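# Descriptive analysis of the structure
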Amino acid sequence: MSEYQPRLDDMTFTLNHVAGLEAVSKLNGYQHADPVTVGTILEEAGRFFSEVIAPLNRIGDVQGSVLTEDGTVRTPDGFKEAYQKYLESGWASAQLPEEWGGGGLPYMIGVAIQEMFKTANMAFALAPSLTHGAVEALERHGSEDLKTLYLEKLVSGEWAGTMNLTEPEAGSDVGALRTKAIKQDDGSYRLFGTKIFITWGDQDLTENILHLVLARTPDAPPGTRGISMFLVPKFILDENGRPGERNDLKVLSLEHKLGIHASPTCVLSYGEQGKGAVGYLVGDEQEGMRNMFTMMNASRVGVGMEGVAIGERAYQHALQYARERVQGRPIGADARKSVPIIEHPDVRRMLLTMRANVEAMRSLLYVTAGEADHMFHADTEERRRLASDRLALLTPIVKAWCTDLGVELASIGMQVHGGMGYVEETGAAQYLRDSRIAPIYEGTNGIQAVDLVLRKLPVQNGAVVAGLMAEMAEVGDKMGQHEELNVFQHELSSALEGLIETSTWLGHRLAAGDIQAALAGASPYLRQFGTVLGGWLMGTAAVEALRAPSGLDPGFLSEKVNTARFYGEQILPTANGLIASVVGGSGLLENATF
Ligand SMILES: Cc1cc2nc3c(=O)[nH]c(=O)nc-3n(C[C@H](O)[C@H](O)[C@H](O)COP(=O)(O)OP(=O)(O)OC[C@H]3O[C@@H](n4cnc5c(N)ncnc54)[C@H](O)[C@@H]3O)c2cc1C
């Protein structure tokens, strides 16, 4: 079975020539992240994740995490030791704030490091992803006391964070949650309620777990307005700041799932013993939903990354199989011997479809991460504001477009394996099973599409979307200077026209108050938007590769142009095929009898 080889050439090319690493490394506080240093960092990280973490992917799937008789979770063989090495190597904190002991790398680089972790072992990587989200939420909204007590250990990875929103009656509609938080005389709270589907809700990797829990105080108004956020530690800290008494919270069960078996998905009961779980308010009462969005937005980008990661891993696996599997003679050729399947045009199409989509998604992921860096570190208010608007717009697209594609690519990867893909031994099936959760959790992809159309499209009367489209059109102009990009240029221009058409149509529906019609087209619109963004960024990559930056392997550059052209000439045109679905309105959906 193939193991994971980080594609550092594509990652560094994308960072440097598509996503604007140089501009990010000039931002205040990031000067140590110059492109040369970043190249070395990624090489080291790649070695760690491919050698230490990737080999545990299969055993994690087969053994899974289990709930032991004493009510705690035991992770698969090798996970504990690998997690210790992860802490010692410093990768746990590379992108986290220096003030609390982190490496202070730009978020863009943190994303590239995290991508390698997720490609190596998606189920394992979910644990640190949630810890990173908890760090951000606590840093931005926690009191000084909470920060002092908890942040250093979270940043180092010695303690882990989790995110607790979902309850049996509160899934997409978080505002329906019922967990109660009752204030005590000492300012702390006692929590009572049940949370379901909590990722890494318990484990044996860290000495403490900090649950960020959404709950409702007794007199809070209904809906999302009445929600507050609490930090609830598994072990309450003693007077020395060390994990002490066990808090009143319990893992009731673990879910039996399709994939990501190593990631324990817990049903957690707070206040099981009647005392109530001790929790501390993060931010103000009834500000919980807003504050949790800090964690959720970072997590949404992190989940979008899973589409890139699983697509990459499935691609590498399929590529190796296609080189080795001998089957069939090339039709029309005077060949008596069977050939490796990689020689058949349809197999080559599958492989190139995988590679082109992965590279397009990776570009969007890094560009989006770069906006987060500009949002916090840019010199001018104007640039910070633009970055904030762009990040808000791109986040639902990264989450949904990339994760839908991740599933499709994992499925294509299985197809490359033929029947051997459908049996477990080859490992291709695991990627498909693992990938399937990503369009569901962290706000289903349907909810992301609603967010894009109802909240993001109308920002500044559509000016944020229009500004981005104008920037996309500029790349088309640059492509015009290269004859081999003529077809791609034409397709990009046509796809942009299509996106303008659907965006305008949706804007008019919203303005007319015809919300149902707009919502009916939301998911195909998000897909169209993602596909066109991919075209813009692969076009950028093609132009940059043709410029032949010095020091880069000519073989890699010509391969990049070919892959980008495949995206532009054969994948991008599918975007306009979605126009009819976006502007079709809600009539047929409403008329349907189910
Ligand atoms: C493995 C796993 C791990 C998870 N990890 C966590 C975690 O760590 N923390 C946590 O809090 N939660 C977690 N979740 C929960 C996850 O975020 C929810 O399952 C998800 O938000 C969907 O909620 P639901 O399952 O109740 O589905 P529902 O909300 O019941 O949705 C069912 C379907 O209806 C659609 N739908 C619902 N409402 C709307 C609407 N308004 N407009 C359009 N479509 C709609 C959805 O898109 C979906 O297709 C996890 C879930 C799983 C399975």
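Refer to the structure above for everything that follows.
A brief report on the enclosed structure follows. In this text, all values refer to a predicted model and were calculated from it rather than measured experimentally.

Right, let's talk about the overall build of the protein chain for a bit. For the protein chain, the count of helices and strands is 21 helices and 12 strands. Against the 2.2 N^0.38 benchmark of 25 Å for 594 residues, the protein chain shows a C-alpha radius of gyration of 24 Å, consistent with a compact globule. For the protein chain, the spread of C-alpha atoms along the three principal axes comes to 80 × 60 × 60 Å. Burial analysis of the protein chain (594 residues in total) assigns 58% to the buried set. Pairs at least 24 apart in sequence give 74% of the contacts found in the protein chain among residues at least 6 apart.

Bringing the side chain of S25 into the picture now. Within the fold, S25 resides in helix α2 (residues 21–25). For S25, the residues in contact, after removing those within four places along its chain, are Y30, Q31, A33, D34 and P35.

This brings us to the pairing of strand β12 (residues 277–282). Pairing geometry for strand β5 (residues 189–199) and β12, over three bridges, is antiparallel. When the bridges of β12 are listed, R190 appears paired with V278. For strand β7 (residues 227–233) and β12, the ladder comprises three bridges, and the chain directions are antiparallel. Looking at β12, one finds that M229 is bridged to V282.

With that out of the way, let us pick up unusual backbone geometry. The general pattern is negative phi for most residues beyond glycine and trans for most peptide bonds. Even without glycine at this site, W200 takes up a positive phi of about 50°. On the basis of relative accessibility, which here comes to 2%, the residue W200 falls in the buried class. Look at A548: it is not a glycine, yet its phi comes out positive at around 50°. Along the chain, A548 falls in the loop between α18 (522–546) and α19 (554–571). A relative accessible area of 44% places A548 in the partly exposed class.

Close approach of charged atoms allows side chains with opposite charge to pair. In this structure the tally under the stated criterion is 34 salt bridges. Salt-bridge contacts for E245 lead to K275; the nearest nitrogen and oxygen are separated by 3.8 Å. With a gap of 30 residues between them, E245 in strand β9 (residues 243–246) and K275 in the loop between β11 (265–270) and β12 connect regions that are remote in the sequence. Residue classification places E245 among the exposed residues on the basis of a relative accessible area of 51%. Measuring nitrogen to oxygen at the nearest pair gives 2.9 Å for the salt bridge that ties R455 to D451. Taken together, the residues R455 and D451, both in helix α14 (residues 445–456) and four residues apart, mark about one turn of the helix. A network of salt bridges, in which partner residues are shared, links R7, D10, E115, E312, E359, R362 and K560.

Turning our attention to helix α5 (residues 79–89). Taken together, the buried positions of α5 are F79, A82, Y83, Y86 and L87. Burial along α5 is one-sided: seen end-on, the buried residues are contained in an arc of 145°. On its buried face, α5 is in contact with α3 (35–53), α4 (57–63), α6 (107–120), α7 (122–141) and α8 (144–156).

With that settled, consider the environment of A372. Note that A372 resides in helix α10 (residues 345–377). Relative accessible area serves as the criterion here: at 8%, A372 is assigned to the buried category. It is 8.9 Å that separates the C-alpha atoms of A372 and R390, two residues lying 18 residues apart in sequence. Once you skip the residues sitting within four places of it in the chain, A372 turns out to touch Y107 and L391.

Moving on, we come to the packing of helix α9 (residues 288–324) against helix α13 (residues 428–435). Where α9 meets α13, the axes come as close as 10 Å, and the angle between the chain directions of the two elements is 165°. Relative to α13, the element α9 is oriented roughly antiparallel. Taken as a pair, α9 and α13 cross one another with a handedness that is left-handed. Side by side, α9 and α13 meet where I310, R313, A314 and H317 of the first sit next to A428, Y431, D434 and S435 of the second.

Note on placement: T179 falls in the loop between β3 (159–164) and β4 (180–183). Only 2.6 Å separates the side chain of T179 from the side chain of E167, close enough to count as a polar contact. Leave out the neighbours within four places in its chain, and T179 touches E167, L191, F192, G193, T194, K195, L214, A215 and R216.

Around the ligand, the structure places 17 residues, and the nearest of them are T166, S172, F197, T199 and T444. Contact distances for the ligand include 2.7 Å between a nitrogen atom and a backbone N or O atom of M163. Here an oxygen atom of the ligand and a side-chain polar atom of T444 are 2.6 Å apart. A total of 970 Å² of accessible area belongs to the ligand in isolation, and the protein chains cover 61% of it. Breaking the shell around the ligand down by element, the ones donating at least two residues are β3 and β5. Per-element tally for the shell around the ligand: the top contributor is β5, with three residues.

On to the packing of aromatic side chains, then. Any two aromatic rings considered together are summarised by their centre-to-centre distance and by the angle between their planes. All told, the structure shown has 12 aromatic pairs when counted by the stated rule. Seen in terms of ring centroids, F48 and F49 are 5.2 Å apart; in terms of plane orientation they differ by 85°. Their pairing is edge-to-face. The burial state of F48 is the same as that of F49; both residues are buried. When the centroid spacing of 4.3 Å and the interplanar angle of 25° are considered together, the rings of F79 and F124 count as stacked. In this pair, F79 is assigned in helix α5 and F124 in helix α7, connecting sequence segments 45 residues apart. Here the two residues F79 and F124 agree in accessibility, since each one is buried. An aromatic cluster is built from F48, F49, F79, Y83, Y86, F117, F124 and W200, whose rings are joined through pairwise contacts. One Lys or Arg, R246, reaches over the ring of F235 and ends 5.6 Å from the middle of that ring. When the ring centre of W505 is taken as origin, the NZ or CZ atom of R509, which lies over that ring, is 5.5 Å away.

So, how was this worked out
- Residues numbered from 1 in each chain as written.
- Predicted model: local features only at pLDDT ≥ 70, side-chain atom pairs only at ≥ 80, totals over all residues.
- Heavy atoms only, no water.
- Helix = DSSP H or I, 4+ residues; strand = E, 2+ residues; numbered from the N terminus.
- Rg over C-alpha atoms; globule rule 2.2 N^0.38 Å.
- Buried < 20%, exposed > 50% of the residue type's maximum accessible area, 1.4 Å probe, protein only.
- Contact = heavy atoms within 4.5 Å.
- Pairing = 2+ DSSP bridges.
- Salt bridge = Lys/Arg side-chain N within 4 Å of Asp/Glu carboxyl O.
- Arc of directions from axis to C-beta.
- Axes fitted to C-alpha atoms, helices over the stretch in contact; angles between N-to-C directions.
- Parallel < 35°, antiparallel > 145°, perpendicular 65-115°, else oblique.
- Left-handed = near helix turned anticlockwise from the far one by under 90°.
- Polar contact = N/O pair within 3.5 Å; in protein donor to acceptor, adjacent residues only side chain to side chain.
- Near = heavy atom within 4 Å.
- Areas by Shrake-Rupley, 256 points an atom, 1.4 Å probe, with all protein chains shown as cover.
- Phe/Tyr/Trp six-rings, centres within 6.5 Å; stacked < 30°, edge-to-face > 60°.
- Lys NZ or Arg CZ within 6 Å of the ring centre and 35° of its normal.

Keep in mind these values describe shape, not function.
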